[in-house]
Amino acid sequence: MRSRKTKVISILLITFIIYLQSVLLINALPVEDDAGKKLNILIINSYDPKDEWEQTVMDGFYKGLDEAKDEDLNISIELEYLDIKKRNDDAYIKTFNELLNQKYQGKKIDLVFTIDDAAFNVVRDNLFNENSVFYKKKILFTGVNQTIKLFNEEAKYMRGINQTLGVRTSNMILNIHENVDTINILLDEYTYSNELKSRIIASKSIYSRPVKVNFIQSNKIGEVEEKLRELNNPNQAIILNGVFLEKEEGKKISLSNIVDRIKKITDNPIYTTNYSYMNKGVIGGYLSNGEEIGRYSGKEAINILKLSQNIDVSVIQIPGSYVFDYEEITKYNIDPGKIPSESIIFNKPKFALLIADEDKKMLIAVGFVLLVVVSYSIYDAISKKKMAIKDKKLYELAKEREKLKTDFIVNMSHELRTPLNVILSTSKVTEMSIKNGNLSEEYLLQKLEQINKNSNRLLKLVNNLIDITKFESGIYEIKLENLNIVEVVEDVVLATVDYSTCKNIELIFDTAEEEIITAIDKDKIERMMLNLLSNAIKYTNENGSIRVYIYREKDRVYIRISDTGIGIPKDKLEEIFNRFYQVEDIMNRNEEGSGIGLCLVEEIVTIHDGVIDVKSQVGKGSTFEITLPIYKVLIERENRQISDINQAVKLEMSDVDSKYN
Ligand code: ADP
């Protein structure tokens, strides 16, 4: 309770300030004589300049005026703060009225614009007070939360915007939080809060489901905190409205600080009906947009100023909007599906989606189906492409086979005809010689030798053809014996020296081991060696050299046949092992051959579980390397026919032989 003495002093002080201001601002408002060119608006704000919501209303109001007014209309604005949060008693209101009466005495005021309930009440109370500055003035009000019912006489002068936001926010909370059975409404003790409280109590019947509404009302944050601590219940929600002061110092606390302090006490979701709390950590609420209301009011002000007669429409309802903070929605794990669709969302990242859980599931399902469809289409396209490539490859292969076949027929005809021609012509010549009686023994032997060689060539060809067919039909038998492979290879090399000597080719045999006993089919290894050696001799020019080298590494034996011959182009290296393949076609070929040899060699190596590798450089020579596993068989081949290596050499070398002998 204030003492009488303090009251008197404050009244005297205020009177002195009024006097000073009236002297200083004596020319602030035009006198009635200037009427017509200049219109004067007096704004009465219920609070102080630091209140954010009211400030946004005023900003909007100025914009609205600017947008609606004619260009030549000059508007002058005076602004007074009732500052109701600091003091709110009859004496103070009376003094405030007196101050304004003094200050604006004799000044022309065309419109009074009030912001919030307290200012509205002050002006309304003096509308018909002859001594008041507000006497029968046109009044535009906004931010009034109480239910307004204007008397007919009042309605002639007053018009404005009525806000009813509290109930909508509560129903929104009940819809979002199914578990909530109690809503704690945090209020301060100013007029606005009192009005809000009575409206909420009055509207209890229109809640969407039964709920306990609990008011925590104090101007001091400490008291609010204490009460919240007592109500530690998870099924509660909070509607924060008040602006609170520090208990001890009476100092105002920032709104974000208030939210933080409440959050430290409770995990209950916090909503608001006060726009200023948005972006300060509350989830949201049904709020009026201060700037929009202000702008609307500004335009209304121009309409009223233009009216010469009395006002007829008195109370307007401007709908608010559901406003939410995206960050808080996420923090409190709120189902976006329950948020009103027309809501304004703060802090939403550019590409974030605010979709209900069910819709999210639906979206994921649709996305999944789409993914499957797209993946399948891609897979289908790829496999079709692969098929096309495969088809193309098959076509190329078939073409290649066809060419091989044709080449083979041409080659075979050539290979068969050449020795046959030689045999036929030689026997013809011999026959003629016998008939003519000029036949010497030496001549006869020479001719018979020629017939033999060419018959061997034919025999080799037929043998190769038979063998390759056996390989293809899988009936090529392997007869393994544990033999010294070094010796087998060396014998073959020695047996072919004569043929290389004919071409003046140096043939060297070299070995790192004297003896390597392993399981081999001797005849086949001989065939393999003879084929490789006959090729080396065929494709090496005179004065070249051929080297056969054997070495061993662990359980493998390596046989390397290198020549300084014509070499094989890189792109042909893989193909030379194909049946009937020859690097040079028949028209350009210098050497005889059927293109079967290397194919047979590879088959022989393979049935010995070995591998063959070739390295070559055109013009420099080629190296064939055979790797065979070293192992022994328990049961060796029995009754092997002793083969005559010289006969085999004759046969295999018949290509070389026929040309050089
Ligand atoms: P051919 O009976 O024609 O010699 P092969 O199957 O033995 O058939 O050889 C296939 C082809 O590989 C030969 O026609 C030849 O072009 C090439 N070739 C084989 N060995 C050698 C080599 N040592 N040097 C150069 N070319 C070779």
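Residues numbered from 1 in each chain as written. Predicted model: local features only at pLDDT ≥ 70, side-chain atom pairs only at ≥ 80, totals over all residues. Heavy atoms only, no water.

**A short note on the confidence of the model for the protein chain**
Right, on to step 1. Looking at the protein chain as a whole, the pLDDT averages 84, with 86% of positions reaching at least 70.
Right, on to step 2. This model gives residues 22-36 a pLDDT under 50, and the stretch forms 20 contacts once residues within four places in sequence are excluded. (pLDDT = per-residue confidence, 0-100. Contact = heavy atoms within 4.5 Å.)

**Notes on the pairing of strand S4 (residues 139-144)**
Successive side chains on a regular strand alternate, one facing one side of the sheet and the next facing the other.
Right, on to step 1. Of all the six residues making up S4, six are buried; the element is thus mostly covered by neighbouring parts of the structure.
Right, on to step 2. As paired elements, strand S3 (residues 111-115) and S4 share four bridges and run parallel to each other. Note on S4: the bridge partner recorded for Phe113 is Leu140.
Right, on to step 3. Note that the unit made of S3, helix H4 (residues 117-125) and S4 has a crossover that is right-handed. (Buried < 20%, exposed > 50% of the residue type's maximum accessible area, 1.4 Å probe, protein only. Helix = DSSP H or I, 4+ residues; strand = E, 2+ residues; numbered from the N terminus. Pairing = 2+ DSSP bridges. Right-handed = clockwise from strand over helix to strand, strands pointing away.)

**Some remarks on unusual backbone geometry**
Right, on to step 1. One non-glycine residue, Asp83, lies in positive phi territory at about 55 degrees.
Right, on to step 2. Mapping Asp83 onto the fold places it in the loop between strand S2 (74-81) and helix H3 (90-103).
Right, on to step 3. Here Asp83 falls in the buried class, since its relative accessible area comes to 15%.
Right, on to step 4. Of note in the backbone geometry, Asn333 takes a positive phi value of approximately 55 degrees without being a glycine.
Right, on to step 5. With respect to the element layout, Asn333 can be found in the loop between helix H11 (326-331) and strand S13 (344-346).
Right, on to step 6. Classification of Asn333 by relative accessible area gives exposed; the value is 70%.

**So, the site of the ligand**
Right, on to step 1. Around the ligand, the surrounding shell holds 20 residues, and the nearest of these are Asn535, Asp563, Gln582, Ser594 and Leu598.
Right, on to step 2. At 3.1 Å, a side-chain N or O of Lys538 approaches an oxygen atom of the ligand.
Right, on to step 3. Between an oxygen atom of the ligand and a main-chain N or O atom of Leu598, the distance comes to 2.7 Å.
Right, on to step 4. About the coverage of the ligand: the protein hides 97% of its 530 Å² of free accessible area.
Right, on to step 5. Listed by contribution, the elements that provide at least two residues to the shell around the ligand are helix H15 (522-538), helix H16 (597-607) and strand S20 (621-629).
Right, on to step 6. A total of three residues in the shell around the ligand trace back to one element, the largest contributor, which is H15. (Near = heavy atom within 4 Å. Polar contact = N/O pair within 3.5 Å; in protein donor to acceptor, adjacent residues only side chain to side chain. Areas by Shrake-Rupley, 256 points an atom, 1.4 Å probe, with all protein chains shown as cover.)

**Some details on the nonpolar core**
Right, on to step 1. One finds Met528, Met529, Leu533, Ile559, Ile561, Phe624 and Ile626 to be the most contacted residues of the largest nonpolar core, which totals 55 residues.
Right, on to step 2. The residues contacting Met529, other than those within four sequence positions of it, are Val489, Val492, Val548, Ile559 and Ile561.
Right, on to step 3. Among the nonpolar cores identified, the runner-up in size contains 29 residues, and Ile44, Ile84, Leu127 and Val144 belong to it. (Core = buried A, V, L, I, M, F, W, Y, C linked by side-chain atoms within 4.5 Å.)

**Brief notes about the packing of aromatic side chains**
Right, on to step 1. All told, the structure shown has 10 aromatic pairs when counted by the stated rule.
Right, on to step 2. Relative to Phe346, the ring of Tyr275 has its centre 6.4 Å away and its plane inclined at 65 degrees; by these criteria the two rings are edge-to-face. Of the two residues, Tyr275 sits in the loop between strand S9 (270-272) and strand S10 (284-287) while Phe346 sits in strand S13, which places them 71 residues apart along the sequence.
Right, on to step 3. Ring-pair connections join several aromatic residues into one group, and the members of that group are Phe61, Tyr62 and Phe113.
Right, on to step 4. In this structure, Arg547 packs its charged tip against the face of Tyr549, placed 4.7 Å from the ring centre. (Phe/Tyr/Trp six-rings, centres within 6.5 Å; stacked < 30°, edge-to-face > 60°. Lys NZ or Arg CZ within 6 Å of the ring centre and 35° of its normal.)

**What to know about the pattern of salt bridges**
Right, on to step 1. One pass over the full model with this rule turns up 26 salt bridges.
Right, on to step 2. Measuring nitrogen to oxygen at the nearest pair gives 3.2 Å for the salt bridge that ties Glu246 to Arg261. Of this pair, Glu246 sits in the loop between strand S8 (236-240) and helix H9 (255-265) while Arg261 sits in helix H9; the two residues are 15 residues apart in sequence, bridging distant segments of the chain. Residues Glu246 and Arg261 agree in their burial class; the two are buried.
Right, on to step 3. Note that Arg295 and Glu291 form a salt bridge whose closest N and O atoms lie 3.9 Å from each other. (Salt bridge = Lys/Arg side-chain N within 4 Å of Asp/Glu carboxyl O.)

**A short note on a nonpolar patch on the surface**
Right, on to step 1. Together, Met362, Val366, Leu370, Val374, Ile378 and Ile382 make up a nonpolar patch on the protein surface, roughly 550 Å² of accessible area in all.
Right, on to step 2. Relative to the elements of secondary structure, Ile378 occurs in helix H12 (residues 357-436). (Patch = residues over 30% accessible without salt bridge, like charges linked within 9 Å, V, L, I, M, F, W, Y side chains within 5 Å.)

**With respect to the packing of helix H13 (residues 441-473) against H16**
Right, on to step 1. Two numbers describe how H13 lies on H16: the axes approach to 10 Å, and their chain directions differ by 45 degrees. Of the possible angle classes, the one that applies to H13 and H16 is oblique. Of the two possible hands of crossing, H13 and H16 adopt the one that is left-handed. Along the contact surface, H13 presents Asn464, Asp467, Ile468 and Phe471, while H16 presents Cys599, Leu600, Glu603, Ile604 and Ile607.
Right, on to step 2. Among the residues making up the contact of H13 with H16, the classes are represented as six nonpolar, one polar and two charged. (Axes fitted to C-alpha atoms, helices over the stretch in contact; angles between N-to-C directions. Parallel < 35°, antiparallel > 145°, perpendicular 65-115°, else oblique. Left-handed = near helix turned anticlockwise from the far one by under 90°. Nonpolar A, V, L, I, M, F, W, Y, C, P; charged D, E, K, R; others polar.)

**Notes on the side chain of Gln236**
Right, on to step 1. Within the secondary structure, Gln236 is located in strand S8.
Right, on to step 2. Assessed through its relative accessible area of 5%, Gln236 is described here as buried.
Right, on to step 3. Reaching out from Gln236, the side chain makes a polar contact with the side chain of Asn184 at a distance of 2.7 Å.
Right, on to step 4. Those residues within four positions of Gln236 in sequence are excluded, and the remaining contacts are Val180, Thr182, Asn184, Leu231, Asn268 and Pro269.

**Here we look at the side chain of Glu625**
Right, on to step 1. In this fold, Glu625 is placed in strand S20.
Right, on to step 2. There is a polar contact of 3.2 Å between the side chain of Glu625 and the side chain of Tyr551.
Right, on to step 3. Among the polar contacts made by the side chain of Glu625, one reaches the side chain of Arg560 at a distance of 2.8 Å.
Right, on to step 4. Leave out the neighbours within four places in its chain, and Glu625 touches Tyr551, Tyr558, Ile559, Arg560, Val611, Ile612 and Asp613.

**Looking at the sheet that holds strand S19 (residues 611-617)**
Right, on to step 1. Spatially, five strands are ordered S15-S17-S18-S20-S19 in an open sheet, and the strand pairing comes out mixed. What marks the edges here is a single partner per strand, and that holds for strand S15 (506-511) and S19. Between one strand axis and the next, the sheet turns through 15 degrees on average, direction left out of account.
Right, on to step 2. Bridge count for strand S17 (residues 545-553) against strand S18 (residues 556-563) is eight bridges, and the pairing is antiparallel. Counterpart to Arg552 in the pairing with S18 is Val557.
Right, on to step 3. Along the sheet, H15 contacts S15, S17, S18 and S20; its crossing angle with S18, the most-contacted strand, is approximately 25 degrees.

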